[in-house]
Amino acid sequence: MGSKMKLKLAIQKSGRLHEDSIKLLKECGIDISNGANKLKTEATNFPLEVFFLRDDDIPQYVEDAVADIGIVGENVVYEKNKSVELVEKLGFAPCRLSLAVSRGENYRDVKYLEGKKIATSYPSLVQKYLDEHKINAEIHEISGSVEIAPGIGLADAICDLVSSGSTLLTNGLKEVETILNSQAILIRNKKLSDPHQQLLNKLLFRIQAVKKARNNKYVLLNAPNDKLKEIISLLPGMKSPTVLPLADEGWSSVHSVLSEDEFWDKIEQLKAAGAQGILVVPIEKMVI
Ligand code: PRT
Ligand code: ZN
């Protein structure tokens, strides 16, 4: 307790989640020195201690309260099935856990898998999926290079993470079922003390502001006054758009915020409605 109390965060030591985890902390205004071979480090401006671990070990560490919170892929959390709580989806490292078979196979539905051999690093998620679909198949657990298993006769199908799909493609495989959609998430120990929970709330407030900012853009445009009403009706803004008169009479400058998913549609509509000189600027933080 007191001023020395720190929140302990576990992140991946190296790999696909490492950089984005560090970047997120940075965008939350938290400075950590990231020494290459360090096991742990401390933030200089937030009561946070950061542990660098293999991603597979993070759920266990958080369950055991060696770390209070952790950043890890959903796929790992659900495969390990540890007793931890999801705090927040973080939006990076998106991928899916999918079943794939050789491209030449005549695959119709999951019944294809009955009596077959499936190679995977995710035996428990695959077993759960098979049980749900009442399929009996043999799971062959391997820790890496799962995608070569069908080609060398080790298995009839595989279940592995896919993002672009190019690994499947180059190995002559086709994706046939998705069993889980995954992204990086923040997890927490189930029994955090009140002071730890308060620190987590503080961190979470920042993370949410960063996430919102990433999903939104600040838009500035010029509008002829006779089209102003139509243009404003296209813009959501935080409350409502800001409208300022331009030196050029008959024109106004309009400022607003647009979310990433509706962005291109809106820009087209704004142009069609007579908007000119449209500027789009990234937002650093967004607190609503
Ligand atoms: O050393 P450590 O155990 O910590 O790391 P790791 O090697 O186990 O994990 P790492 O760094 O490879 O991945 C960490 C996390 O990133 C995973 O648990 C996922 O949550 C997430 N992630 C996102 C991915 C991918 N995308 C991904 N494409 N993890 C792995 N892949 C692999 C996949 O296994 C396959 O080999 O990439 C290949 C497929 O990619 P595409 O683009 O060809 O489809
Ligand atoms: Zn791992």
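These figures come from a predicted structure and were not determined experimentally.

Chemist: Break down the packing of aromatic side chains for me, with residues and values.
Modeler: Per the counting criterion, the structure on display carries two aromatic pairs. Measuring from ring centre to ring centre gives 5.2 Å for Tyr 107 and Tyr 112, while their planes differ by 55°; the resulting arrangement is tilted. Of the residues examined, Tyr 107 reaches a relative accessible area of 13% and is grouped as buried. Note on Phe 263 and Trp 264: the rings are 5.0 Å apart at their centroids and 75° apart in plane angle, and the pair reads as edge-to-face. Residue Trp 264 is classed as exposed on the basis of its relative accessible area, which comes to 62%. We note Lys 116 situated over the ring of Tyr 112; from NZ or CZ to the ring centre the distance is 4.2 Å.

Chemist: I'd like a description of helix H1 (residues 18-27), backed by residues and values.
Modeler: Taken together, the buried positions of H1 are His 18, Ser 21, Ile 22, Leu 24 and Leu 25. Down the axis of H1, the sector holding all buried residues measures 155°, keeping them to one side. Summarising the geometry of H1, the exposed residues directed more than 90 degrees from the buried face are Glu 19 and Lys 26. Of the surrounding secondary structure, the elements contacted by the buried residues of H1 are strand E1 (7-12), strand E3 (48-53), strand E4 (69-73) and helix H6 (194-214). Of the residues one or two after H1, Gly 29 is the one with positive phi, at around 80°.

Chemist: Account for the domain arrangement of the chain, naming residues and giving values.
Modeler: On domain assignment, one finds that the chain holds domain 1 (7-92 + 183-213), domain 2 (95-182) and domain 3 (216-282). Here domain 1 and domain 3 have C-alpha centroids that lie 38 Å from each other.

Calculation criteria
- Residues numbered from 1 in each chain as written.
- Chains lettered and ligands numbered in written order.
- Predicted model: local features only at pLDDT ≥ 70, side-chain atom pairs only at ≥ 80, totals over all residues.
- Heavy atoms only, no water.
- Phe/Tyr/Trp six-rings, centres within 6.5 Å; stacked < 30°, edge-to-face > 60°.
- Buried < 20%, exposed > 50% of the residue type's maximum accessible area, 1.4 Å probe, protein only.
- Lys NZ or Arg CZ within 6 Å of the ring centre and 35° of its normal.
- Helix = DSSP H or I, 4+ residues; strand = E, 2+ residues; numbered from the N terminus.
- Arc of directions from axis to C-beta.
- Contact = heavy atoms within 4.5 Å.
- Domains from an automatic or database assignment.

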